[in-house]
Amino acid sequence: MRALLPFIRLFGFAKLPLILGLVLMILGLGSSMGLLTLSGWFLAATAIAGLGTLFNFFYPSASVRGLAIGRTVMRYFEKIVTHDATFRILSKLRVQVFKKIIPLSPAVLNRYRNSDLLNRLVSDVDTLDSLYLRLLAPFFTALFVIVAMSIGLSFIHAPLALGLGAFLLILLITIPTLFYRLGQKFGARLVQARATYRTQFLEFIQAQAELLLFNAEDKLKEKMATTEKIWQADQAQEAKLSGFSTALVLFLNGLLICAMLWFSSQADFGTGEYRAAFIALFTFAALAAFEIIMPLGTAFLHIGQVIAAAERVTDIIEQQPLVEFQGNAEFEPQVQLISAKNLSFTYPERENLALDNLTLDLEQGQKIAILGKTGSGKSTLLQLLVRNYDANQGELLLAGKPIPLYSEQTLREQFCFLTQRVHVFSDSLRQNLQFAAHEKISDEKMIEILNQVGLGKLLDQAQGLNIWLGDGGRPLSGGEQRRLGIARILLNNAPILLLDEPTEGLDRDTERQILHLILQHAKNKTLIMVTHRLTAIEQFDTICLIDEGKLIEKGDYESLIQKENGFFKRLVERI
Ligand code: ATP
Ligand code: MG
């Protein structure tokens, strides 16, 4: 239950509509009960009065009509107001969750699968809409109406009214408690099974090609079937219990009506002409009262799911970002631009050092190539520079100041980072390029760059720059994706370029041409390029060799190639 507290606190954002919704709910339910109770009395009283007697039927019949209209109108507006309030709260909640998720990227989010994140953001947040609509509002409405009704009826016959009120209050406590307990067990399981099923289903769709090739479709299908069975079993359980709650409440209703008929027929209603009609009034009040209790069983059966959803949402909200940008140092360019001092780093939940006591200096305008075996820590160094992670030991300085001292914006403005995997947005080619720069890029510029990187043929179709890429659009080959990444680099104006294997997967001629473009673009910039290839390597000022997270060799091409038994020399000879 405590898991729900943070979400109840969110109600503060829509206080007025929520209170108005509650008032309308109370008025609606009150009218409904008044209608039935008054009708009971009215019918009985007219029967007693019989034909030809003087009986004022005007007030009661007008009231019956008024209550009937009132009930409909209240219900209508109650639905509008409560749903509107709920959606406002949900939208607030979604924004909050989103705001919490963004700074977690990418280090913490790696732990969650994409589909699971989506589940939490969409379906778990949706489940939370029951909290007010189906749980809290009906419960408090019921409480209020029972008390008000008992007080009202006690003017006619106090013991009967109090007896009825007490019985209903007991039900108001026991029914929700009982069904909360019954629903708690499978609620969490149901939410989990639903999430798991969606994740597996998405994987099944996305990995079709591999599954078919490796003939592994059946295995995943079996896994999905198992999950589905659990999910269905829980749903069946929920349906059964929901039926049970209806049956139980109806049975109790019958009991209460019989008891009310029995006790009221023996009660002393004074000497009024129509006193016998009060028997009908109390009996109908008992009948009407179940409109209050009826929905509570099923609603509280659902609370297990609401709590499970709340826990899943809380779990993601409470994750702490690995890095927090709190500094606001100014970037003051200086010759000694980047220096890493005894840098060591281990990825969270890993044991091996990805960087091991690495020391490296880089001056403004220098072009540096980083070589090393796969898994040696090259990409990790770039990740630390853009502060996707913070080093465990040592210092990483940018223009003389430790990187954590800069605000996120200042830091991002300094770097242009081409990651090892280029992400193609499901969007037009134009937008896929535009986001690389702050200022608007003209179509001519885009076309020029696309031609330079060899993507000119993307423009062959009539849509030109509006051609859709990514999901549902034109698929790009691995090499084309790289070129798109390079086009973005060429359109960006940041003073430091971090390129992670920009020419991977390109043929030798293209590679030469692309490197030429990059070096030209980086003429007045600082360049750090990770690579496995030796093409144009002699054009870099410094070459660094990294192995197992350590810097094992560093120098310019001339000195390294002449170094007896040097790592670089051997590498060149081997290639
Ligand atoms: P490659 O040439 O294959 O790109 P690399 O030199 O760029 O290799 P890194 O990506 O820096 O290698 O990886 C260094 C080590 O850190 C490897 O052991 C790798 O498995 C590990 N590693 C990389 N990324 C992560 C991550 N996000 N979480 C945990 N470990 C990681
Ligand atoms: Mg890498």
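Residues numbered from 1 in each chain as written. Chains lettered and ligands numbered in written order. Predicted model: local features only at pLDDT ≥ 70, side-chain atom pairs only at ≥ 80, totals over all residues. Heavy atoms only, no water.

If you look the protein up in an unreviewed UniProt entry, it shows as Glutathione/L-cysteine transport system ATP-binding/permease protein CydC from Rodentibacter mrazii. Word for word, the UniProt comment on the protein under Subcellular location (unreviewed entry) is "Cell inner membrane". (UniProt positions renumbered as here; feature names shortened; annotations may be inferred.)

**Student:** Can you help me understand empty space enclosed by the protein in this one?
**Tutor:** Over the atoms rolls a probe the size of a water molecule, and its path tells where empty space is left. In total, this model carries three cavities of 30 Å³ or more according to the counting rule given. Reported here for the largest cavity is a volume of approximately 100 Å³. Forming the boundary of the largest cavity are Phe7, Leu10, Phe11, Thr86, Ile89, Leu90, Leu93, Leu128, Asp129, Leu131 and Tyr132. Elements that contribute at least two residues to the lining of the largest cavity include exactly helix 3 (58–101) and helix 5 (130–154). At four residues, the largest contribution of residues to the lining of the largest cavity is made by helix 3. The space that makes up the second largest cavity amounts to roughly 70 Å³. Ile338, Ala340, Leu360, Asp361, Leu362, Ile368, Ile370, Leu381, Leu385, Leu396 and Ile528 together form the lining of the second largest cavity. Take the lining of the second largest cavity: its biggest share by element is three residues, from strand 2 (residues 355–363). The residue inventory of the lining of the second largest cavity, partitioned by class, reads ten nonpolar, no polar and one charged. (1 Å grid on protein atoms, 1.4 Å probe; cavity = no way out; pocket = protein on both sides within 12 Å on 5 of 7 lines; lining within 4 Å. Points joined across faces, edges and corners; volume = space filled by probe spheres on them. Helix = DSSP H or I, 4+ residues; strand = E, 2+ residues; numbered from the N terminus. Nonpolar A, V, L, I, M, F, W, Y, C, P; charged D, E, K, R; others polar.)

**Student:** Even after reading the chapter, I still don't get the sheet that holds strand 4 (residues 393–398), so can you show me in this structure?
**Tutor:** Whether parallel or antiparallel, the strands of a sheet pair through hydrogen bonds between backbone atoms. With antiparallel pairing, four strands are arranged side by side in an open sheet as 2-1-4-5. Strands with a single pairing partner mark the edges of an open sheet, and in this sheet they are strand 2 and strand 5 (401–402). Pairing geometry for strand 4 and strand 5, over two bridges, is antiparallel. By the bridge assignment for strand 5, Leu397 is matched with Pro402. (Pairing = 2+ DSSP bridges.)

**Student:** What is the right way to look at the environment of Ile8 in this model?
**Tutor:** Within the element layout of this structure, Ile8 appears in helix 1 (residues 5–9). In this structure the C-alpha to C-alpha distance between Ile8 and Leu136, which are 128 residues apart in sequence, comes to 9.6 Å. In contact with Ile8, not counting residues within four places along its chain, are Leu131 and Leu136. (Contact = heavy atoms within 4.5 Å.)

**Student:** Is there a simple way to explain the coordination of the magnesium ion (ligand 2) in this structure?
**Tutor:** Octahedral six-donor coordination of a metal ideally yields angles of 90 or 180 degrees, compared with 109.5 degrees for tetrahedral four-donor coordination. Every protein donor of the magnesium ion (ligand 2) is listed here as Ser379 (OG) and Gln420 (OE1), and their distances to the metal cover 1.9 to 2.4 Å. In this pair, Ser379 is assigned in helix 11 (residues 378–385) and Gln420 in the loop between strand 6 (415–418) and helix 13 (429–434), connecting sequence segments 41 residues apart. Taking the relative accessible area as the measure of exposure, Gln420 reaches 42% and is therefore partly exposed. (Donors = N, O, S within 2.8 Å, 3.2 Å for Na, K, Ca; no water. Buried < 20%, exposed > 50% of the residue type's maximum accessible area, 1.4 Å probe, protein only.)

**Student:** In this structure, what is going on with the domain arrangement of the protein? I would like to understand it.
**Tutor:** For an interface, size is often stated in terms of accessible area lost upon the parts coming together. Assigned domains of the protein: these are domain 1 (2–317) and domain 2 (336–574). The C-alpha centroid of domain 2 is placed 56 Å from the C-alpha centroid of domain 1. (Domains from an automatic or database assignment.)

**Student:** What am I meant to see in helix 4 (residues 114–127) here?
**Tutor:** Residue pairs spaced three or four apart in an α-helix point in one direction, given the helix's 3.6 residues per turn. Helix length check: helix 4 (14 residues) gives 19 Å between terminal C-alpha atoms against 20 Å at 1.5 Å per residue, within 8%. Arg120 marks the point of greatest bend in helix 4, at about 35 degrees. Within helix 4, ten of the 14 residues are buried, which leaves it mostly tucked inside the rest of the structure. Of all the positions in helix 4, only Ser115, Asp116, Leu117, Asn119, Arg120, Leu121, Ser123, Asp124, Val125 and Thr127 are classed as buried. The elements touched by buried residues of helix 4 are helix 3, helix 5, helix 6 (158–206) and helix 10 (303–317). (Expected span 1.5 Å × (residues − 1). Bend = angle between axes of the 7 residues up to and from the residue.)

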